[in-house]
Amino acid sequence: MKIAYSHLVQYILENPSIEQISNSLFQLGHEHEIDNGIFDMEFTPNRGDCLSLEGLLRDLRVFYTINRKDDTYQEDISHLSMDFENLSKNACPQISFLKLEIDKLPLSYSGGLKDYFADLSLKRNNFFTDVSNYLSYEMGQPTHCYDAEKINSRLTFQEIEGDYEFESLLGKKVFLKEKNAVFLQNNEVINLAGVMGGMGTACTDKTKSVIVECAFFNPESIIGKSVKYDIQSEAAHKFERGVDPECHDKVLRRFIKIVGNHSVIKNLSLVTHNYKSNPRHQILIDVKKINKIIGVDINKEDYINYLLKLGFDVEEKFINIPSHRSDVRTQNDLAEEIARVIGYDNIPVSELKIPKNTSQNRNVIENKIRSFLLDKGFYEVINSPFVNVSAKNCIKVDNPLDSNREYLRTNITKSLLDNLLFNERRQKDSVKLFEISDIYSSDNGIKKDRRLAVIASGRVGLNYQDFSSKVSKKYLLNLFKEGFPEQSFNFIVLPRDELDTKIKSEILSLETDIENFSDSILKYNAKSKPPNDFIQYKAISELPSSFKDISYSIKNYSKVDELQDLILNFKHLILKNVFIFDYFKNEKQSEIKIGFRFVFQSNDQTLTTAQIENVLNDIIERSLKLSGIEIPGLK
Amino acid sequence: MSVDKDISLPELIKDRGSLHPINHMKDSIMNLLISFGFEIVDGPEIETEEFNFDMLNIKKSHPARQMHDTFYVENKSNLLRTHTSPVQIRGMLEKKPPLAFISGGKVYRKDDDATHLPMFHQVEGIYVDENVSFAQLKDLIYKIIYSLFGEDVELRFRPSYFPFTEPSAEVDILSKEGKWLEILGCGLVNPVVLENCNIDSNKYSGLAFGLGIERIAMLKHGVTDIREFYKSNLDFLSQFK
């Protein structure tokens, strides 16, 4: 909700700056941003009472002297005889109707009404709707204006069930389904209660006679309707959070006053229906309890003062809760009020000592499996459980985000296969991934399995020992034997026939329950350790990479180290990776051949041959300065 | 006896994999909390409305319970947990105070954009004992934040609202760019929740807190788009080792 600084400060005697008010609002828990003198407020859902100028000033009274007096119509108002029936009193326990006719429509606005539209850059609609919108801003209570000439038969409020069509006053056709609280005339929905009125009975720029509806709707009857029918509605936002059920008389008298400030009122009548009285809420004064909850030591006088400033009343041993504070019912609620006034940051810290926990970490086997796989060059991934394909015993999501995410996966392997193909498309020729996750199925109730899945394809590794070897069943069985000598594993070859890929390497996968792993893995001595520091991520490139190989001939064996150091530590912006992919020692000729692979990629452009060759030439030039090193065939 | 290095042989550099950065962050935070005395409890990702909402004082009219915020499954008989708090409810029903639990894992909300995903991770903790106060909660939060971001970090507590805590707070840290960033939510356990778990709220009180792992990981690693974590791109994953 947007509230102008100038609208607030005009009622604050101390004339605080926008920054001072901003700090006060943060202390009170009212998050906001400031844009050009306007507070864009984000209130917590329990503070519907703050969704207005008046509501916010009530809270700011804690810090400032607020000089704002009610300016309402004070004369008696005649009774409105209106054919209205409430068939769902629980959904609407209080409702008032004000009928008002004016002499002439005003040509311009004055006072707060004028400032509201000017300062918040709002578009005017028609006079009565404009007054209604302003009043909602000023006092927090939404009202709805019907053109009185269009309400010509019985008006009924009812929670209806079934399919109905409704055209909102913005001209949007809405198809109501299931249960909705509405106003009906001649069995037609003319107002989706608490959300938006209808086109058929809306005021226009010619309306001079209006019926203003001012109601309290049970939030449960309103909740979710504006989202469900995609209707942006500030009224719904307020009703969902709860409005003051006892404000109707004041609000409607303020409505009359504003209208009277702009035109001559010819006729005026009012009817109020109170189907259910509002209970009074009181909380026992217990300063000791409040101090215990917060961990402070305030005295009773301060306690009372704080609450009085927030608009609470004191009656003997009790705190009376005002009707607009539906969020305050317990000692803990009062403690929060006191803590807000003190300021959370001003509450002293008290040391917390929790007795030492002696229980064992439950995930010890799982963590060892992880460490083993990391040592063997596997990368851990996490996939979303939502899939588009139904499977036996799979769980269906009742309200999926879209049809591609309608079911919960019943296996991890398919997700890993997608991950593998994703990386292959990005020129990765060695892909080794794993995921550990809960998998749910519906089999006589919800069944949960904790599973490990592994997938691998392509080169065994990017080093001279593994570069030429391809991942195979034999390779994986040997690998797993090292970590799990007593267990057997069933690696499966996934066919590539139906996959959208030209790569031929075998894809091997494994999926098994974690409970199948024995304690023997605990003996595995993990080499990999997670990094101690949190690594700063560098943006990755979606542009194609290129690789170049250089093969060196070395006669002087002692230069192997030097060459390796030089090349593996060579840095350049476009050089993404370098590794030794080939090594051969020819004892007879006393010659070593070492092949380096250089992978180039830019974050912002597709690289040209010339750009790559520039870097390569630099590397070559530096390396050939080492004695006893040649690049065979180099021209 | 020492073995001489073969100078003709280059170093064999075997590629090591990496933990997923989200799991690494989750483990780091949970290990920190274990060192404070907390015990890990686990619970299912598919929950009932009773444990996910009712027991936590989240009323039927709360927006979080709507179909547009929560994923329901199996004809609305169950749901995908929207937070890890139901695990703590299960823990409180099982054990008597004093108790100190943490739970971490995947949670689900019906959101999907550059800053929100339908699946994300949380770590939550609860401590219930006699005379637990907001001042003690602040002590714990300072310890957590200082451990994660260093003792130079500036932080602030803001009043907030969670149905399961009262008073409730959100905690922000000041970024290097001078912007306040929300880090975690916390509060004193609402006595209604304690009573729901058969814990005498006149005798015991509790504190609770929850952190979004992705948010912390994004800050610590400098990742700006949450979706990067879940593309399974080796260029991304290989940076975190």
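Residues numbered from 1 in each chain as written. Chains lettered and ligands numbered in written order. Predicted model: local features only at pLDDT ≥ 70, side-chain atom pairs only at ≥ 80, totals over all residues.

1. So, unusual backbone geometry
Note that the residue after P97(B), namely P98(B), is joined by a cis bond; omega there is 0°. Within the element layout of this structure, P98(B) appears in the loop between α3 (85–94) and β5 (99–108). Cis peptide bonds are those with omega within 30 degrees of zero, and the linkage from E166(B) to P167(B) qualifies with -5°. Among the secondary structure elements, P167(B) is positioned in strand β8 (residues 165–174). Phi angles above zero are rare outside glycine, and S590(A) is one such case at about 50°. (Helix = DSSP H or I, 4+ residues; strand = E, 2+ residues; numbered from the N terminus.)

2. What about the pairing of strand β10 (residues 173–176) of chain A?
All names here are of chain A. Sheet topology places strand β9 (residues 164–167) next to β10; four bridges connect them, and they run antiparallel. When the bridges of β10 are listed, F166 appears paired with V174. Where β9 folds back on β10, the antiparallel hairpin that results is connected by five residues, among which G171 adopts a positive phi of roughly 85°. (Pairing = 2+ DSSP bridges.)

3. Here's the deal with the nonpolar core
Among the nonpolar cores identified, the biggest contains 148 residues, and V212(A) and F255(A) are the most heavily contacted of them. F255(A) has contacts with L98(A), V131(A), L135(A), T143(A) and V212(A), leaving out every residue within four places of it along the chain. Counting residues in each nonpolar core, the second largest holds 31 residues, with I455(A), V471(A), L234(B) and L237(B) among its members. (Core = buried A, V, L, I, M, F, W, Y, C linked by C-beta atoms within 7 Å. Buried ≥ 20, exposed ≤ 12 C-beta atoms within 10 Å, placed from the backbone. Contact = placed C-beta atoms within 7 Å.)

4. Focus: the sheet that holds strand β14 (residues 209–216) of chain A
Residues and elements named next belong to chain A. With mixed pairing, the five strands of this open sheet are ordered in space as β4-β15-β6-β14-β7. The open sheet is flanked by β4 (78–79) and β7 (144–147), the only strands paired with a single partner. In the sheet, strand β6 (residues 94–102) pairs with strand β15 (residues 265–274) via nine bridges, with the strands oriented antiparallel. Bridge pairing in β15 places I95 opposite H273. Lying over the sheet, helix α9 (residues 248–260) contacts β6, β14 and β15, oriented at roughly 15° with respect to β6. (Axes fitted to C-alpha atoms, helices over the stretch in contact; angles between N-to-C directions.)

5. A few points about the interface of chain A and chain B
Tallying the contact residues gives 95 residues for chain A and 82 residues for chain B. Residues that form the side of chain A that touches chain B fall into these classes: 47 nonpolar, 25 polar and 23 charged. (Nonpolar A, V, L, I, M, F, W, Y, C, P; charged D, E, K, R; others polar.)

6. A few points about the domain arrangement of chain A
Domain boundaries assigned for chain A yield domain 1 (2–60), domain 2 (78–274), domain 3 (282–344), domain 4 (364–523) and domain 5 (546–630). The distance between the C-alpha centroids of domain 1 of chain A and domain 4 of chain A comes to 53 Å. (Domains from an automatic or database assignment.)

7. A closer look at the packing of helix α10 (residues 287–294) of chain A against helix α12 (residues 331–342) of chain A
Residues and elements named next belong to chain A. Between α10 and α12, the least distance of the axes is 9 Å, while the angle of their chain directions is 70°. One finds that α10 runs roughly perpendicular with respect to α12. As for how α10 packs across α12, the hand of that crossing is right-handed. Judged by residue contacts, K289, I290, I293 and I294 of α10 engage Q331, N332, L334, A335, I338 and A339 from α12. Looking at the contact of α10 with α12, its residues break down into seven nonpolar, two polar and one charged. (Parallel < 35°, antiparallel > 145°, perpendicular 65-115°, else oblique. Left-handed = near helix turned anticlockwise from the far one by under 90°.)

8. A closer look at the sheet that holds strand β2 (residues 46–47) of chain B
Residue and element names in this part refer to chain B. Pairing is antiparallel across the open sheet formed by three strands, whose spatial order is β2-β4-β3. In this open sheet, the two edge strands, each paired with only one partner strand, are β2 and β3 (72–73). Sheet topology note: the β3/strand β4 (residues 78–80) ladder contains two bridges and is antiparallel. Along β4, the bridge assignment pairs Y72 with L79.

9. A word on the pairing of strand β3 (residues 38–42) of chain A
Residue and element names in this part refer to chain A. With three bridges joining them, strand β1 (residues 2–4) and β3 adopt antiparallel strand pairing. Of the residues in β3, the one forming a bridge with K2 is D40. Across five bridges, the pairing between strand β2 (residues 31–35) and β3 is antiparallel. Looking at β3, one finds that I34 is bridged to F39. Here β2 folds back onto β3, and the loop between the two strands holds two residues, one of which, N36, carries a positive phi near 55°.

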